[in-house]
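Chains, contacts and geometry: an overview
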Amino acid sequence: MRERFWERYTLEELTDEEWEALCDGCGQCCLLKFEDEDSGDLAVLNVACELLDIHGCRCSDYPHRFDKVPDCTQLTPELAGRFKWLPHSCAYRRLAEGRKLAGWHHLISGDPERVHRKGISVRSFAVSQTEVAEEHYEDHIIAVIPVDD
Ligand code: SF4
Ligand code: SF4
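Residues numbered from 1 in each chain as written. Chains lettered and ligands numbered in written order. Predicted model: local features only at pLDDT ≥ 70, side-chain atom pairs only at ≥ 80, totals over all residues.

Things to note about the overall build of the protein chain
Scanning the protein chain from N- to C-terminus turns up seven helices and six strands. Listed by position from the N terminus, the elements making up the protein chain come as α-α-β-β-β-β-α-α-α-α-α-β-β. Across its three principal axes, the protein chain shows a C-alpha extent of roughly 50 × 30 × 30 Å. Sorting the 149 residues of the protein chain into buried and exposed places 21% on the buried side. Considering only contacts within the protein chain whose residues lie at least 6 apart along the sequence, 58% involve residues at least 24 apart. (Helix = DSSP H or I, 4+ residues; strand = E, 2+ residues; numbered from the N terminus. Buried ≥ 20, exposed ≤ 12 C-beta atoms within 10 Å, placed from the backbone. Contact = placed C-beta atoms within 7 Å.)

Details of the site of ligand 1
Ligand 1 sits among 13 residues. The nearest are Cys23, Asp24, Cys26, Cys29 and Cys90. Of the residues belonging to the shell around ligand 1, the class tally is nine nonpolar, three polar and one charged. (Near = placed C-beta within 6 Å. Nonpolar A, V, L, I, M, F, W, Y, C, P; charged D, E, K, R; others polar.)

Side note on the site of ligand 2
The immediate surroundings of ligand 2 are formed by Cys30, Cys49, Leu51, Leu52, Cys59, Arg65, Val69 and Cys72. Partitioned by chemical class, the residues of the shell around ligand 2 number seven nonpolar, no polar and one charged.

Things to note about the pairing of strand 2 (residues 42–48)
Here strand 1 (residues 31–35) runs beside strand 2; their pairing, made up of four bridges, is antiparallel. Within strand 2, the residue paired with Glu35 across the bridge is Leu42. Hairpin connection between strand 1 and strand 2: a loop of six residues separates the two successive antiparallel strands, and Gly40 in this loop has a positive phi of roughly 85 degrees. In this structure, strand 2 lies alongside strand 6 (residues 141–145), joined through four bridges in antiparallel fashion. Of the residues in strand 6, the one forming a bridge with Val44 is Ala143. Note that strand 2 and strand 5 (residues 127–128) share two bridges and pair parallel. For Val47, the partnering residue across the bridge sits in strand 5 and is Val127. (Pairing = 2+ DSSP bridges.)

Details of unusual backbone geometry
Excluding glycine, residues mostly carry a negative phi; peptide bonds, for their part, are mostly trans. One non-glycine residue, Arg4, lies in the positive phi region at around 40 degrees. Of note, Arg4 is situated in the segment before helix 1 (5–8). Within the chain, Cys57 stands out as a residue other than glycine whose phi angle is a positive 55 degrees. Tracing the sequence through the fold places Cys57 in the loop between strand 3 (52–53) and strand 4 (58–59). C-beta crowding within 10 Å serves as the criterion here: with 23 such atoms nearby, Cys57 is assigned to the buried category.

Given below as structure tokens:
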């Protein structure tokens, strides 16, 4: 990977390896979300996709994720700027909005555990979709993201 690529190149100019390395491993995009049909607002649950390894905050079957979870979203440089549902902390969103990576990001700090120690990741609070019945999802809403946020 090129030295400090995240500062020197646009998202569109990144190699696949650099693109993947940008992910801070927070797991927040793997929390279940539901759209309010009337307002368009997004309800975010503390329930994580069945494929998320909650301790590691990584997809447990990344190469086959679209076969197993068809609505898993492929983040691409073209779409990153429009993904308002991503957390403000997300590295892709930050760069798409012209912000810098956070000091705790592993590319800056060299420590992939800092995202967890800082409480950015879902490790400490997420529960797996495999452990929550669908009729209880409403009890697991932890945030509502306004559609125009
Ligand atoms: S929210 Fe962004 S940084 Fe966090 S896991 Fe998802 S893609 Fe990676
Ligand atoms: S399939 Fe993998 S990458 Fe997609 S939402 Fe689930 S855990 Fe996240």
